[in-house]
Amino acid sequence: MTKYPRAIIFDLDGTLIDSVPAIRETLNNIFSSEGVAEFSIEEVKTLVGFGARWMIEEIIKRKKIESSVSNLEALLSQYYTEYLRVSDKFTKIYDGVFEVLNELKEKQIKTAICTNKPGSTTIAVLKSLKLIEFFDAIVTEDDVKHRKPDPTHLNHTLTKIKAKPNESVFVGDSETDMETASRAGVKFVFVTYGYCHIPISNIK
């Protein structure tokens, strides 16, 4: 008989959903007016996982775009608006996710999301994909002072569902998630199909 942990915390992008196509569409739409060539899927994968603000700041730096605070904020605002517009069409749920979440719900395992994604886009995409009903808590970058890999992000998520580190598992797709779990004293399950920024062979 399978033995389940008391709680399972999930990263979102690259773990439960493939959001890169939606992010790529968003970035191409808002940066075309800046004279930036279209982003490839592979390039977008290098930009995800650290939050929207970091991503826009990194693009400004990489593409040598005007870097004033006002331009950053304008581009960030455009990103949120455009992502919400296109996410329904371009975001996909990974195979098997519904089946796993349904089984955990039947077993009454507590589940939560711990993501560096902004709150507005997280809630919108979870609702549009009909995933939101599966989770007892959703903790985004907007809900914490320090996001992943800071362990307080995961610890806050555990607190929200009244679970202890030693009875929980964190599921993620990146070195950031792995570091977060290690620093929080939580067992980690690494999925290899997501957006890890280092070679899978380097994961230990």
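Because the structure is a prediction, the values reported are computed rather than measured.

(A) Here's a closer look at the overall build of the protein chain. Looking only at helices and strands, the protein chain has 8 helices and 7 strands in total. Computed over its C-alpha atoms, the radius of gyration of the protein chain comes to 17 Å, within 12% of the 17 Å expected for a compact globule of 204 residues. Projected onto its principal axes, the C-alpha coordinates of the protein chain cover approximately 55 × 30 × 30 Å. Scored against the burial criterion, the 204 residues of the protein chain give a buried share of 49%. Within the protein chain, counting contacts between residues at least 6 apart in sequence, those at least 24 apart form 66% of the total. In the form shown here, the protein chain has an accessible surface area of approximately 10,300 Å², with 51% of it arising from carbon and sulfur atoms. For the protein chain, the separation between the mean place of its 27 positive charges and that of its 29 negative charges on side chains is 5 Å.

(B) Focus on the packing of helix H7 (residues 151-160) against helix H8 (residues 175-184). Running from amino to carboxyl end, H7 crosses H8 at an angle of 70°, the nearest separation of the two axes being 8 Å. What the angle tells us is that H7 and H8 run roughly perpendicular. Every pair of crossing elements has a handedness; the one defined by H7 and H8 is right-handed. Between H7, through Pro151, Leu154 and Asn155, and H8, the contact on the second element is made entirely by Thr180, Ala181, Arg183 and Ala184. Partitioning the contact of H7 with H8 into residue classes produces 4 nonpolar, 2 polar and 1 charged.

(C) Here's a closer look at the sheet that holds strand E1 (residues 7-10). Spatially, the 5 strands line up as an open sheet ordered E5-E4-E1-E6-E7, and their pairing is parallel. Pairing within the sheet leaves two strands with one partner each, and these edge strands are strand E5 (137-139) and strand E7 (187-190). Strand-to-strand, the axes of this sheet are offset by a mean angle of 20°, without reference to chain direction.

(D) Structural detail: unusual backbone geometry. Here the residue pair Lys148 and Pro149 is connected by a cis peptide bond, since its omega of 15° sits within 30 degrees of zero. Of note, Pro149 is situated in the loop between E5 and H7. Notably, Lys162 is not glycine yet its phi reads approximately 55°, a positive angle. By the secondary structure assignment, Lys162 is in the loop between H7 and strand E6 (168-172).

(E) Local environment of the layout of surface pockets. By volume, the largest pocket is sized at about 150 Å³. Every residue lining the largest pocket is listed: Phe10, Thr15, Leu16, Gly96, Val97, Val100, Leu101, Val171, Val189, Val191 and Tyr193. Among the elements that line the lining of the largest pocket, the one with the most residues is helix H5 (residues 97-106), at 3 residues. When the residues that make up the lining of the largest pocket are grouped by side-chain class, the tally is 9 nonpolar, 2 polar and no charged.

(F) Expanded view of the pairing of E7. Judged from the 4 bridges that link them, E6 and E7 form a sheet pairing that is parallel. Within the sheet, the bridge partner assigned to Val171 lies in E7 and is Val189. The β-α-β motif built from E6, the intervening H8 and the parallel element E7 has right-handed crossover chirality.

About the cut-offs
- Residues numbered from 1 in each chain as written.
- Predicted model: local features only at pLDDT ≥ 70, side-chain atom pairs only at ≥ 80, totals over all residues.
- Heavy atoms only, no water.
- Helix = DSSP H or I, 4+ residues; strand = E, 2+ residues; numbered from the N terminus.
- Rg over C-alpha atoms; globule rule 2.2 N^0.38 Å.
- Buried < 20%, exposed > 50% of the residue type's maximum accessible area, 1.4 Å probe, protein only.
- Contact = heavy atoms within 4.5 Å.
- Areas by Shrake-Rupley, 256 points an atom, 1.4 Å probe, with all protein chains shown as cover.
- Lys, Arg positive; Asp, Glu negative; His and termini not counted.
- Charge placed at Lys NZ, Arg CZ, Asp CG, Glu CD.
- Axes fitted to C-alpha atoms, helices over the stretch in contact; angles between N-to-C directions.
- Parallel < 35°, antiparallel > 145°, perpendicular 65-115°, else oblique.
- Left-handed = near helix turned anticlockwise from the far one by under 90°.
- Nonpolar A, V, L, I, M, F, W, Y, C, P; charged D, E, K, R; others polar.
- Pairing = 2+ DSSP bridges.
- 1 Å grid on protein atoms, 1.4 Å probe; cavity = no way out; pocket = protein on both sides within 12 Å on 5 of 7 lines; lining within 4 Å.
- Points joined across faces, edges and corners; volume = space filled by probe spheres on them.
- Right-handed = clockwise from strand over helix to strand, strands pointing away.

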